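Observations on the three-dimensional arrangement
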Amino acid sequence: MSSTTDPDSAPRVELTPAAADLLRKLRDAHGPLMFHQSGGCCDGSAPMCYPEGEFRTGDSDVLLASLAVDGVAEPVTFWMSRSQHEVWSHTRLIVDVVPGRGSGFSLEAPEGVRFLTRSRLVGT
């Protein structure tokens, strides 16, 4: 028996287990969360994590995903600037966590780690 997988059915944004663990910790400390990816055009760009609604989105932003995280009551939204979306539209984004300090405005900065976006071509 063979089956085919529709590449468009895969999620646009995925979380690694480490990213999901950190989101649970941040949710406990800060309440509902959101991501916004505004800069960078390749692997290694850092999405910013904010309390939900703290970063104001508008017509220049695209909602890519509402991420369900076990242990988090509400979805974590993942937004991207429209111009970045055009560059990354052929990829699946994987949000990971790596050691090091990211932006001072992102909630994980005091934890000694930063979120990091990796990508995978659609259909791979």
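In what follows, the accompanying structure is described. Predicted model only: the values in this text are computed from it and were never measured.

**Details of the overall build of the chain**
Of regular secondary structure, the chain possesses two helices and seven strands. Expressed as a percentage of contacts within the chain between residues at least 6 apart in sequence, the contacts between residues at least 24 apart total 59%. In the structure as shown, the chain presents an accessible area of about 6,800 Å², 53% of it carried by carbon and sulfur atoms.

**Some remarks on the pattern of salt bridges**
Counting across every chain of the model gives five salt bridges. Here Asp96 and Arg118 are joined by a salt bridge, their closest N and O atoms 3.1 Å apart. Residue Asp96 is located in strand 6 (residues 91-99), and its partner Arg118 is located in strand 7 (residues 113-121); the two are separated by 22 residues in the primary sequence. Given the relative accessible area of 14%, Asp96 is considered buried.

**Some details on the side chain of Ser81**
Inspection of the secondary structure assignment puts Ser81 in strand 5 (residues 76-81). Setting aside residues up to four positions removed in sequence, Ser81 forms contacts with His36, Gln37, Ser38, Ser60 and Asp61.

**A word on the sheet that holds strand 7**
The strand order 1-6-7 describes an open sheet built from three strands, whose pairing is mixed. Looking along the sheet, the strands with just one partner apiece sit at the ends: strand 1 (13-15) and strand 7. The average undirected angle you get between the axes of adjacent strands in this sheet is 30°. Here strand 1 pairs with strand 6 via three bridges, running parallel. Residue pairing in the sheet places Val13 in a bridge with Leu93 of strand 6. Contacts between helix 1 (residues 17-30) and the sheet are confined to strand 1, strand 6 and strand 7, with strand 6 contributing the most and set at about 70° to the helix.

**Observations concerning the sheet that holds strand 3 (residues 48-51)**
Read from one edge of the open sheet, four strands run 3-2-5-4, paired in mixed fashion. For this open sheet the edge positions go to strand 3 and strand 4 (61-67), each flanked by a neighbour on one side alone. If you compare each strand with its neighbour and ignore which way they point, the axes differ by 25° on average. The sheet contact formed by strand 2 (residues 33-37) and strand 5 spans four bridges and is parallel. Paired with Phe35 across the bridge in strand 5 is Phe78.

**As for the nonpolar core**
Counting 25 residues, the largest nonpolar core has Val13, Phe35, Cys49, Phe78 and Phe115 as the members making the most contacts within it. Counting only elements with at least two residues in this core, the list comes to helix 1, strand 2, strand 4, strand 5, strand 6 and strand 7. When residues of this core are assigned to their parent elements, the largest contribution, five residues, is made by helix 1.

Cut-offs and rules
- Residues numbered from 1 in each chain as written.
- Predicted model: local features only at pLDDT ≥ 70, side-chain atom pairs only at ≥ 80, totals over all residues.
- Heavy atoms only, no water.
- Helix = DSSP H or I, 4+ residues; strand = E, 2+ residues; numbered from the N terminus.
- Contact = heavy atoms within 4.5 Å.
- Areas by Shrake-Rupley, 256 points an atom, 1.4 Å probe, with all protein chains shown as cover.
- Salt bridge = Lys/Arg side-chain N within 4 Å of Asp/Glu carboxyl O.
- Buried < 20%, exposed > 50% of the residue type's maximum accessible area, 1.4 Å probe, protein only.
- Pairing = 2+ DSSP bridges.
- Axes fitted to C-alpha atoms, helices over the stretch in contact; angles between N-to-C directions.
- Core = buried A, V, L, I, M, F, W, Y, C linked by side-chain atoms within 4.5 Å.

Function cannot be read off these values alone, since they describe shape.
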